[in-house]
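Here's the letter readout for the chains.
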Amino acid sequence: MGDRILEEIRQALLNYEEEEVCRLATASIEEGIDPLETIEMLTSAITDIGERFGSGELWLPELLRGAKAMNSAMPLLHEEIKSRGGKPASRGTIVIGTVFGDIHSIGLDIVATLLSANGFEVKNLGVNVTAEEFIEAVRSEEPDLLGMSALLTTTAPEQKRVIDHLVAENLRAKIKVMVGGGPITETFAREIGADGYAPTASLAVDLAVRLLAR
């Protein structure tokens with residue numbers, strides 16, 4: 001019974017069926033299935049969707065529908081974990097946001113969803129985040145990683161400004177920095193002193209895992 005529900009929840013997510021994903025998540029809890037197993041199945045499905053989007057097989061609306069369906073079920077599963085006296089295993093904490101002057105959130109939200117699905121605790125600061133706000137979040141959250149997105153050529157330099165602030169505040173050595181966005185390249189990431197660059201949401205997860213393994 002348990003394996004059937006888990007497979008059904010995977011297929012529901014792959015079909016972007018938000019209500020069905022929630023119904024099956026509830027059913028899995030009622031059947032006594034370990035919520036971590038359900039999260040692992042959802043993670044497998046959303047990662048598959050992300051990879052298919054990255055390869056050009058899926059379009060952005062499909063990716064967003066998949067992310068929305070998964071996000072609808074995660075609070076139920078996290079609450080069940082808490083009720084059992086546990087907490088989800090964490091790979092690390094990451095603060096992410098789109099830099100000041102840039103109000104694009106789609107890529108940011110997708111990366112946040114995939115990171116959360118893959119075991120990271122994500123503090124999403126949203127869009128138009130100033131360097132000072134990034135620094136304050138680093139101080140208060142004490143994350144392992146800082147992720148910055150810039151979707152405009154004119155706002156890309158803000159990523160360097162944030163890194164310069166980290167250096168000035170003696171915080172740079174305490175955190176790994178990853179960057180991404182349309183105008184960002186591997187060369188630019190190196191030039192501004194970032195620890196890594198990822199061109200897609202799924203590769204951002206891989207990068208985060210690698211950076212924390214160092």
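Residues numbered from 1 in each chain as written. Predicted model: local features only at pLDDT ≥ 70, side-chain atom pairs only at ≥ 80, totals over all residues. Heavy atoms only, no water.

For strand 4 (residues 176-180), a buried count of four out of five residues is recorded, marking the element as mostly surrounded by other parts of the structure. Across two bridges, strand 4 lies against strand 5 (residues 196-197) in parallel orientation. The residue bridging Met178 from the neighbouring strand is Gly196, located in strand 5. Regarding topology, helix 8 (residues 186-191) serves as the crossover connection from strand 4 to the parallel strand 5, and that connection is right-handed. (Buried < 20%, exposed > 50% of the residue type's maximum accessible area, 1.4 Å probe, protein only. Helix = DSSP H or I, 4+ residues; strand = E, 2+ residues; numbered from the N terminus. Pairing = 2+ DSSP bridges. Right-handed = clockwise from strand over helix to strand, strands pointing away.)

With that settled, consider the sheet that holds strand 1 (residues 92-98). The five strands lie next to each other as 2-1-3-4-5, forming an open sheet whose pairing is parallel. Both edges of this open sheet fall to strand 2 (120-124) and strand 5, since each of them pairs with a single strand only. Pairing geometry for strand 1 and strand 3 (residues 145-149), over five bridges, is parallel. Within strand 3, the residue paired with Thr98 across the bridge is Ser149. Taken strand by strand, helix 5 (residues 106-117) contacts strand 1 and strand 2, and its axis lies near 155 degrees from that of strand 2. Against the sheet, helix 9 (residues 201-213) contacts strand 1, strand 2, strand 3, strand 4 and strand 5, and its axis sits at roughly 165 degrees relative to strand 4. (Contact = heavy atoms within 4.5 Å. Axes fitted to C-alpha atoms, helices over the stretch in contact; angles between N-to-C directions.)

With 13 residues, helix 1 (residues 2-14) ought to run about 18 Å at 1.5 Å a step, and its terminal C-alpha atoms sit 19 Å apart, in line with that. Looking only at helix 1, the buried set comprises Ile5, Leu6, Ile9, Arg10, Ala12, Leu13 and Leu14. For helix 1, the secondary structure elements touched by its buried residues are helix 2 (18-30), helix 3 (35-54) and helix 4 (60-83). One or two positions beyond helix 1, positive phi appears at Tyr16, with a value near 60 degrees. (Expected span 1.5 Å × (residues − 1).)

Note on placement: Leu76 falls in helix 4. The class for Leu76 is partly exposed, based on a relative accessible area of 35%. With 54 residues separating them along the chain, Leu76 and Cys22 place their C-alpha atoms 8.2 Å apart. Those residues in contact with Leu76 that lie beyond four places of it in its chain are Cys22, Ala25, Thr26 and Ile29.

Let us look at the packing of helix 2 against helix 4. What describes two packed helices is the angle between their axes and the distance between those same axes. Following both chains from N to C, one finds helix 2 and helix 4 inclined at 20 degrees, their axes separated by 8 Å at the closest point. As far as their axial angle goes, helix 4 and helix 2 are roughly parallel. Judged by the sense of rotation from one axis to the other, the crossing of helix 2 with helix 4 is right-handed. For the pair helix 2 and helix 4, the contacting residues are Glu18, Val21, Cys22, Ala25, Thr26, Ser28 and Ile29 in the first and Lys68, Ala69, Ser72, Ala73, Leu76, Leu77 and Glu80 in the second. Counted by class, the contact of helix 2 with helix 4 contains eight nonpolar, three polar and three charged residues. (Parallel < 35°, antiparallel > 145°, perpendicular 65-115°, else oblique. Left-handed = near helix turned anticlockwise from the far one by under 90°. Nonpolar A, V, L, I, M, F, W, Y, C, P; charged D, E, K, R; others polar.)

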